[in-house]
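# Overview (structure and organization)
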Amino acid sequence: MADETWVNETLYAEWGQRFLVKRDLAHVKSEFQDIRIFESHLHGRVMLLDGVVQITEADEFVYQEMLAHVPLLAHGDAKRVLIIGAGDGGVLRRVLQHRTVERAVMVEIDGEVIRLAKEHLPGIGGDAWTDPRATVIVGDGIDHVRQAEAGSYDVVIVDSTDPIGVGEVLFTDEFYANCARLLSDRGLVVNQCGVPFMQAEELRQTSLRRAKSFPDVFAYVAAVPTYVGGFMTLGWAAKDAGCRHVDVAEIRRRADVAGVLDTTRYWTPEIHVGAFNLPPYIGMHLPRG
C-alpha cells in the first residue's frame, strides 16, 4: 500500500532486513546516538540505535537469557555483577532473577535509552529498576571499570552496540585489562561479539584483545532471529577455564539453587553446555591455545 512505512536496518551496506511499522513511538537524537522505537506487526516493539536493531519484544529473551544466565551459572557463586550498557533493562532483570546475586550494578552511558525503554518497553526491564539489589548509573562504563576496586565483582556482562561509535571504547585492550583487575579470582566477562558470518573480524579482534588479559578466551552462540546472518556470538573471557567445562547436571543444580530453572524460554542446562560447541567457521576466529 502507498501509505505503508518500512524501516530498513542499516548495519550492512549490501544486505539487510526491514520492518513494516505499525506505529511510531519515539524518535530521539540523544547526545550519543539516534534512538528510535516503533511498534511492528510481527516483532512487537523494536528499538534501533543509529539504525541498527538492538532489541525486539518478540525475541529479546534469547539474547538476554544467554548473556545473563550463562556467565552466572558457569561461575556458580557470582554475588556481585557489573553490567555495562544494556540500557533497556533486560539483562539487569535476568541477572536479578538469580536469588543468589547480592548486588548488580548497571552502567549505561545514555540516559535517554533508559528513559525511553522504561516508557515504551516496560516489559523488558520489568521491576528490575526498583529492585533494592540494583544500582543503575548513567555514566561512562570505561570510567567505572578504571575506578572500580580490584576484585570488587565476580562477573562482568557487556551489552554494547558494535565496536563503532559510542560502543567502540568497550572493545579495547585497556577495557579488558581493567575488567581482569576488578574481577575476583574466578571472575569472568562476557560480551556480544556480533554475527560471525557477517562480522568475523569483530570476533577475531576482540578475542585477541581479551587473550592479553585472560587465560581462557572462547565464545558461545545464540540464535537470535533479528540479529540476521546466523549465530550471534557472545565472547567469553575467564580467569578459570573450569568455568567453561561444567557439566549439565551441575548447571541444572546451580540453576535450581538460583531460582531460574524452568523459568526460561531459550536457555536450558543442555543449551548452556552445547552453546560452547562451535561450528568450525566460528571457532577458526578464536585464538589457538
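The structure reproduced in this document is the subject of the present report.

We now examine the packing of helix H1 (residues 60–75) against helix H8 (residues 248–258). Direction vectors running N to C along H1 and H8 enclose 105°, while the axes themselves pass 9 Å from each other. Comparing their axes, H8 and H1 come out roughly perpendicular. Between H1 and H8, the contacting residues are Leu-73, Ala-74 and His-75 on the first element and Ile-251, Arg-254, Ala-255 and Ala-258 on the second. The residue inventory of the contact of H1 with H8, partitioned by class, reads five nonpolar, one polar and one charged.

What follows is about helix H3 (residues 111–120). Inspection of H3 places Val-113, Ile-114, Leu-116, Ala-117 and His-120 among the buried residues, and these make up the whole buried set. Residues of H3 that are buried sit in contact with strand S2 (18–29), strand S3 (34–40), strand S4 (45–49), strand S7 (103–108), helix H4 (122–125) and strand S8 (134–138). In this structure Asp-110 caps H3, since a side-chain oxygen of it lies 3.0 Å from the backbone nitrogen of Glu-112.

For the rest of this paragraph, the subject is the side chain of Ser-207. Along the chain, the position of Ser-207 falls in helix H7 (residues 196–211). A polar contact is formed between the side chain of Ser-207 and the backbone oxygen of Leu-203, at a distance of 2.7 Å. With sequence-adjacent residues up to four places away left out, Ser-207 is seen in contact with Val-217, His-285, Leu-286 and Pro-287.

Read across the open sheet, the seven strands follow the order S8-S7-S6-S9-S10-S12-S11; overall the sheet is mixed. Here the strands that pair on one side only, and so sit at the sheet edges, are S8 and strand S11 (216–222). With direction set aside, neighbouring strand axes in the sheet form an average angle of 15°. Here strand S9 (residues 153–159) pairs with strand S10 (residues 183–192) via five bridges, running parallel. Paired with Val-155 across the two strands is Leu-188, which belongs to S10.

Moving on to unusual backbone geometry. Positive phi values are uncommon outside glycine, yet Ala-86 reaches one of about 60°. Position of Ala-86 relative to the elements: it lies in the loop between strand S6 (80–85) and helix H2 (90–96). Despite not being glycine, Asp-262 shows a phi value in the positive range, around 65°. With respect to the element layout, Asp-262 can be found in the loop between H8 and helix H9 (269–274).

About the criteria used
Numbers given to residues run from 1 along each chain, matching the order in which its sequence is written. Whole-chain, interface and lining totals are the exception, using all residues; otherwise, since this is a predicted model, local features are given only for residues with pLDDT of at least 70 and side-chain atom pairs are given and counted only at 80 or more. Hydrogens and water are ignored here; the side-chain numbers use all heavy atoms of the structure. Think of each axis as a best-fit line through the C-alpha atoms, taken over the contacting stretch in the case of a helix, with angles from 0 to 180 degrees between the N-to-C directions. Strands here are runs of E lasting at least two residues and helices are runs of H or I lasting at least four, both read from the DSSP assignment and numbered beginning at the N terminus. Small angles under 35 degrees read as roughly parallel and large ones over 145 as roughly antiparallel, with 65 to 115 read as roughly perpendicular and the rest as oblique. Residues are treated as being in contact if the distance between any of their heavy atoms lies within 4.5 Å. When residues are grouped by polarity, Ala, Val, Leu, Ile, Met, Phe, Trp, Tyr, Cys and Pro land in nonpolar, Asp, Glu, Lys and Arg in charged, and all others, Gly among them, in polar. Throughout, exposure labels follow a simple rule: accessible area from a 1.4 Å probe, protein chains only, divided by the maximum for the residue type, with under 20% read as buried, over 50% as exposed, and the rest as partly exposed. Any pair of N or O atoms that falls within 3.5 Å is considered a polar contact. Within protein, one atom must be able to donate a hydrogen and the other to accept it, and sequence-neighbouring residues count only if both atoms are side-chain atoms. Each pair of strands is called paired provided DSSP finds at least two bridges between the two strands.

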